[in-house]
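Next come the chains, spelled out residue by residue.
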Amino acid sequence: MSEAVAEKNYLNDPKGWKSWVFTLDHKRIGILYLASITAAFFLGGVFAVLIRLELLNPGQDLMGPDTYNQIFTLHGAVMIFLFIIPSIPAALGNFFLPLLIGAKDVAFPRLNLASYYIYVFGSMFAVYSIFTGAVDTGWTFYTPYSTETQTSVIPMTLGAFILGFSSIFTGLNFIVTIHKMRIPGMTWYKLPLFVWALYATAIIQVVATPVLGITLLLLIFERVFSVGIFNPDMGGDPVLFQHFFWFYSHPAVYIMILPGMGIISELIATFSHKKIFGYKAIAFSSLGIAFISFLVWGHHMFVSGQSELAAMIFSFLTFLVGIPSGIKVFNWITTLYKGQIHFDTPMLYALSFLFLFTIGGLTGIFLGALATDVHLHDTYFVVAHFHYVMMGGTVMAFLGGLHYWWPKMFGKMYNHFWSVIAMILVFVGFNVTFFSQFILGSQGMPRRYYNYLDQFQPLHAFSTIGSWILGAGFIIMAIYLIHSLFKGRKASDNPWGGLTFEWATGSPPPHHNFKVTPKMTHGPYDYDKVLVEQTDY
Amino acid sequence: MDDTTGSLFMPFGGSTIAGDVDTVFNFILYTSTIIFALVVFGIIFFSIRYRRRGKLALTPDISHNTKLEIVWTVIPTILVVIVFFMGFNAYLKMSVVPKDAMEIKVTGQKWFWSFEYPEAGATTVNELVVPIDKPVKLLMSSQDVIHSFFVPGFRIKQDVIPNRYTMIWFQATKIGEYDLFCAEYCGTKHSEMIGKVKVVSEREFENWLEESSMSGEGMSLSDFGAKLYISKACNTCHSIDGSAGNGPTFKGIFGKQVTFDDGSQAMVDENYIRKSILNPQTNIVAGYQNIMPTFQGLLKEREVDALIAYIKTLE
Ligand SMILES: [Cu+2]
Ligand SMILES: [Cu+2]
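Owing to the predicted nature of the structure, the values given are computational and were not obtained by experimental measurement.

Colleague: Summarise the interface of chain B and chain A; cite the residues concerned and give the values.
Modeller: Contact residues are listed per partner, giving 78 residues for chain B and 92 residues for chain A. Interface area for chain B against chain A, summed over the two sides, is near 7600 Å², with a carbon-plus-sulfur share of 68%. Looking only at chain B, the three residues that lose the most surface to chain A are Arg-52, Trp-72 and Tyr-185 of chain B, adding up to 11% of its buried area. Taken together, the connections running from chain B to chain A amount to 2 salt bridges. At the boundary of chain B and chain A, one finds 27 residue pairs in polar contact (both at pLDDT 80 or more). Elements with a contribution of two residues or more to the side of chain B that touches chain A: α1 (16–49), α2 (66–95), β7 (156–160) and β9 (176–182) of chain B. With 16 residues, the single largest contributor to the side of chain B that touches chain A is α2 of chain B. When the residues that make up the side of chain B that touches chain A are grouped by side-chain class, the tally is 46 nonpolar, 18 polar and 14 charged.

Colleague: I'd like a rundown of helix α4 (residues 109–131) of chain A, residues and numbers included.
Modeller: Residues and elements named next belong to chain A. When the terminal C-alpha atoms of α4 are compared, their 34 Å separation across 23 residues agrees well with the 33 Å that a helix rising 1.5 Å per residue should span. Every buried residue belonging to α4 is among Asn-112, Leu-113, Ser-115, Tyr-116, Ile-118, Tyr-119, Gly-122, Ser-123, Ala-126 and Ser-129, and all of these are buried. Looking at the buried side of α4, the elements it contacts are α1 (17–21), α2 (26–54), α3 (65–100) and α6 (153–180). Of the residues one or two after α4, Gly-133 is the one with positive phi, at around 95°.

Colleague: Describe in detail the coordination of the copper ion (ligand 2), supporting the description with residues and values.
Modeller: Residues and elements named next belong to chain B. At 2.1 to 2.6 Å from the copper ion (ligand 2) lie its protein donor atoms, namely Cys-182 (SG), Glu-184 (O), Cys-186 (SG) and His-190 (ND1). For the copper ion (ligand 2), the 4 donor atoms in the first shell make angles of 85 to 130° at the metal, so the coordination geometry reads as tetrahedral. Taken in sequence order, the residues that donate to the copper ion (ligand 2) follow the motif C-x1-E-x1-C-x3-H. For the pair shown, Cys-182 and His-190 are each scored as buried.

Colleague: Which residues make up the domain arrangement of chain B, and what values do they have?
Modeller: All names here are of chain B. Splitting chain B by domain gives domain 1 (18–47 + 62–95), domain 2 (102–213) and domain 3 (221–313). Each of domain 2 and domain 3 has a C-alpha centre, and these two points are 25 Å apart. In this assembly, 12 residues from domain 2 lie in contact with 12 residues from domain 3. Around 940 Å² of area is buried between domain 2 and domain 3 when both sides are counted, 50% of it from carbon and sulfur atoms.

Colleague: Go over the pattern of salt bridges, please, and point to the residues and values.
Modeller: What the rule picks out here adds up to 13 salt bridges over all chains. A salt bridge links Asp-237 of chain A to Arg-164 of chain B; its shortest N-O distance comes to 3.1 Å. A residue pair is termed interchain when its members come from two chains, as with Asp-237 of chain A in the loop between α7 (193–225) and α8 (238–272) and Arg-164 of chain B in the loop between β7 and β8 (166–171). On the accessibility criterion, Asp-237 of chain A (26% relative accessible area) is partly exposed. In this structure Arg-164 of chain B comes out as partly exposed when scored by relative accessible area, which is 30%.

Colleague: Outline the nonpolar core, supporting the account with residue identities and numerical values.
Modeller: In terms of nonpolar packing, the biggest core is built from 243 residues, with Met-409 of chain A together with Tyr-117 and Phe-149 of chain B touching the most fellow members. The biggest single contributor to this core is α3 of chain A, with 22 residues. Each of domain 1 (18–47 + 62–95) and domain 2 (102–213) of chain B accounts for three or more of the residues forming this core. Not counting the four nearest positions on each side in its chain, Phe-149 of chain B is found in contact with Val-106, Trp-113, Phe-115, Leu-128, Leu-138, Met-140, Ile-156, Lys-157, Gln-158, Val-160, Leu-180 and Phe-181 of chain B. Membership of the second largest hydrophobic core comes to 26 residues, among which are Val-125, Phe-260, Val-304 and Leu-307 of chain B.

Conventions adopted
- Residues numbered from 1 in each chain as written.
- Chains lettered and ligands numbered in written order.
- Predicted model: local features only at pLDDT ≥ 70, side-chain atom pairs only at ≥ 80, totals over all residues.
- Heavy atoms only, no water.
- Contact = heavy atoms within 4.5 Å.
- Buried area = accessible area lost by both parts, 1.4 Å probe.
- Salt bridge = Lys/Arg side-chain N within 4 Å of Asp/Glu carboxyl O.
- Polar contact = N/O pair within 3.5 Å; in protein donor to acceptor, adjacent residues only side chain to side chain.
- Helix = DSSP H or I, 4+ residues; strand = E, 2+ residues; numbered from the N terminus.
- Nonpolar A, V, L, I, M, F, W, Y, C, P; charged D, E, K, R; others polar.
- Expected span 1.5 Å × (residues − 1).
- Buried < 20%, exposed > 50% of the residue type's maximum accessible area, 1.4 Å probe, protein only.
- Donors = N, O, S within 2.8 Å, 3.2 Å for Na, K, Ca; no water.
- Tetrahedral: all angles 85-135°; square planar, octahedral: opposite > 155°, others 65-115°.
- Domains from an automatic or database assignment.
- Core = buried A, V, L, I, M, F, W, Y, C linked by side-chain atoms within 4.5 Å.

Next up, the structure:
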């Protein structure tokens, strides 16, 4: 390729490392986040592979029980606090929210940079705890175990506490940005659905995260000063911690999945070249989910000794929160109807999302129903269920978004063939790893077990093999993505023929996002009025 | 046991409640399989039917269909309300303890279960023996962190919490052995905190109860000790063949010098062993952690004697 004078874009203008480290450009901050969460995902993934390797056979394979307990805790904590919560909003959201609403940046660029460095600072505590004896409490830090264990609980909880601020800052920034920075003519109902999803997510981030912060602080107080809030010997209540913890952590589940749902709306519309079906239903179901998600935390405690009445109410509300998610799935599928569907890699991820997320949602019904939850609680069934939602849902959506916007972010196209191979490996590997765990769980295999009875071995071995397939998929993905940065074909401005604003600027976009301020000439999904050829493939 | 195979998803159900739970499980399984099949069919059918062929063209504006939207809101809502009631009903049945239930006291501690039959005065460790066809109520509490009492074959689970009683009941319907797990993460040996529930006939149960409440009469003291070494779960941490475990081996310790973690020393004699069993926290053997549970209140005088006698024989 002949590159005479490289065009100016946000990647090469301005130059120098300082321009990156102190950047206020939401795109660069998005890229910094992207690099960081990718590192976190890699770290969490290594832990996951080690867990599965240890579980290949009963008894000791490569590590002792204490090491195992630390590794599964780290896997959970890293994946949740360092990867999945910031993944879509802070990386892809940061980069694309202003572009999608035609703005030059987010409302508070300095706050945005601060949120990134707070994220780095919090992560350092988490990493520090890994080297100082690690934690072995599980990512849920249940008391009284977490107040008694000798491992370094404090650095990890402090890390999660600090990370919370990063999340709150991002949320605040997005709320104001969405309210104030839309270009003229972009009314609320003309917002791309990814923006709606980020909005609903931001509300939960701002409202719920402080509760986690307080809870973790109390835990630290308890460890350092033995104040006795959770300590039964001093009249405290260990179950109270669970209430506090889940009051944040259930809504946090939606911090993780809602942005993913937003991406799926974009992908399905673009690749079927069809106006999204039920725009308002999808938008409002995000808000509905955000609201009800605050009222269901007790479904994590059906066997913790809470009253039958409380259990009944929480069970009922849990079913209610399922309905809006179901509605979204039906809307997406109906969008395909009479579309012109093109199966590029991002779309393949969107379709696997539909497949896997549906399984994740339906298996949630088993856990929401009281009688079956008593049996399934704290077994591998739960492990499988939340991996179908978090990985089959959020991670698939994230990968879909990453492949969708990669050419926009870096101006380079990745190898089509290898991206499909990797996608198939990830899909197959995921199902092999986790579907087997549904059966393990309902057969009675408890979670967080270092060792297990012989009858569970075949399924455990099967699951471990799945983790290797999954790992292979991710390695291939890493290779072709990195390769594309250096050797990739130059991407056009609008490779997929999308109608949202990010496609109306250069790939990669210039420093101030748009050379000419975009105009609201059509809605984000007006594929019935506007025709833009797909320029790739 | 004759036919005790479970289904693909569920292990064999050996309690009165298991049938109810499985009914709810299967109802959800079948309806969600149908819904899933419809979803997948929709995705695949549309994907094939409406795949892009030839040149890109405008697509129709289909963004609403009130009837359709009502249908896919109302039908799932009805279904989940049904599921909710089914689940709640079976749960109520689990929660309401029959009046005539036999009571057994359960203690969870790192990392074993102990069971106390208050009327007979018998205690066991990691093995709960119950008669068939009789409601059994478990009154549970923990000595340390939270544990959870889980018997998959009975479809029951309940957290066991320090400083508070939690309750659970069941009625076994089939003679045999069932796995018992700790389902709430509790540290190093969480996955070893497992045991058995042994369901026996009424007659066998009476005999067993009589035998285990006896104080080792008609048995030499050291033979009784050997039995206790297993039934009180000393063997989970202490070996008798010199091999290393969570605790020091019993082989040849009697009469030896031990060194504690503070550097002081003591000679292993009867009093030392007694103190080690009843107040293990007072001295910690060098190289080991302070994880031995106290057996204060769990062992009778004669049982302590028997254990000491037994340890003396291990040379
Ligand atoms: Cu939840
Ligand atoms: Cu446990």
